[in-house]
Amino acid sequence: CICPPDERWLLSANMTVDGLKIRGMLKWDEEVPGVFLRVGWLLVEEGGVLQIGSSRSPIGKHPGVKATIDIKRQAINRHPIWGDRFLNGDGGTIKMFGKPLDR
C-alpha cells in the first residue's frame, strides 16, 4: 500500500496492510479511541511524514486514545532491502507526541 506524495491520510479507523510506504502524510486521529495499524512493515520515504499526535494534542490527551502499531510476524511481500517486520524512516519524518506522564 502506498500513501502518494500529494496525499494526506487520516487514520481514524483500524488499518491492516502487508506493507506500507508513506510518501505523503499519514496522520493518526488524536480523538478516536481504539485505532490500530497492523502492518508487516512500514517505510516512511523521503518527503513522507508519519505523525502520531501533536504538541497541542498529544496521543493520550483524550480518554482511550493510544497509538497501537502491530508489526505482523511475517509480511507476504518482503521489502527488497529491509525484508519484513520493520518500521523505518528512510529520509522521511516520524513525529510522535505523547501525553507527559504524571510523576
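Here the structure is shown first, and the text comes after it.
The structure contained in this document is the topic of the report that follows. (Residues numbered from 1 in each chain as written. Predicted model: local features only at pLDDT ≥ 70, side-chain atom pairs only at ≥ 80, totals over all residues. Heavy atoms only, no water.)

1. Focus on the overall build of the protein
Thought 1: Regarding its fold elements, the protein presents 0 helices and 9 strands.
Thought 2: Here the C-alpha atoms of the protein give a radius of gyration of 14 Å, agreeing with the 13 Å that 2.2 N^0.38 yields for 103 residues.
Thought 3: If one aligns the C-alpha atoms of the protein with their principal axes, the spans along those axes are about 45 × 30 × 25 Å.
Thought 4: The proportion of buried residues among the 103 residues of the protein is 40%. (Helix = DSSP H or I, 4+ residues; strand = E, 2+ residues; numbered from the N terminus. Rg over C-alpha atoms; globule rule 2.2 N^0.38 Å. Buried < 20%, exposed > 50% of the residue type's maximum accessible area, 1.4 Å probe, protein only.)

2. Some thoughts on unusual backbone geometry
Thought 1: Not every positive phi belongs to a glycine, and Arg-85 is a case in point at roughly 65°.
Thought 2: With respect to the helices and strands, Arg-85 occurs in the loop between β7 (68–71) and β8 (86–90).

3. A look at the state of the cysteines
Thought 1: Per the stated rule, a full pass over the model turns up 0 disulfides.
Thought 2: Here Cys-1 stays free of any disulfide, with the sulfur of Cys-3 as its closest cysteine sulfur at 7.9 Å.
Thought 3: For Cys-3, a relative accessible area of 0% gives the class buried. (Disulfide = S-S within 2.5 Å.)

4. So, the pattern of salt bridges
Note on pairing: side chains with opposite charge can pair once their charged atoms come close.
Thought 1: Evaluation of the coordinates by the stated rule reveals 5 salt bridges.
Thought 2: Among the salt bridges present, the one from Arg-23 reaches Glu-45, with a minimum N-O distance of 2.5 Å. You can see Arg-23 sitting in the loop between β3 (15–22) and β4 (25–28) and its partner Glu-45 sitting in strand β5 (residues 36–45), a full 22 residues away along the chain.
Thought 3: Judged by relative accessible area, Arg-23 falls into the partly exposed class, the value being 28%.
Thought 4: The buried category is assigned to Glu-45, whose relative accessible area is 17%.
Thought 5: One salt bridge connects Glu-30 with Lys-27, and the closest N-O pair in it is separated by 2.6 Å. Taken individually, Glu-30 and Lys-27 each receive the classification buried, so the pair is uniform in this respect. (Salt bridge = Lys/Arg side-chain N within 4 Å of Asp/Glu carboxyl O.)

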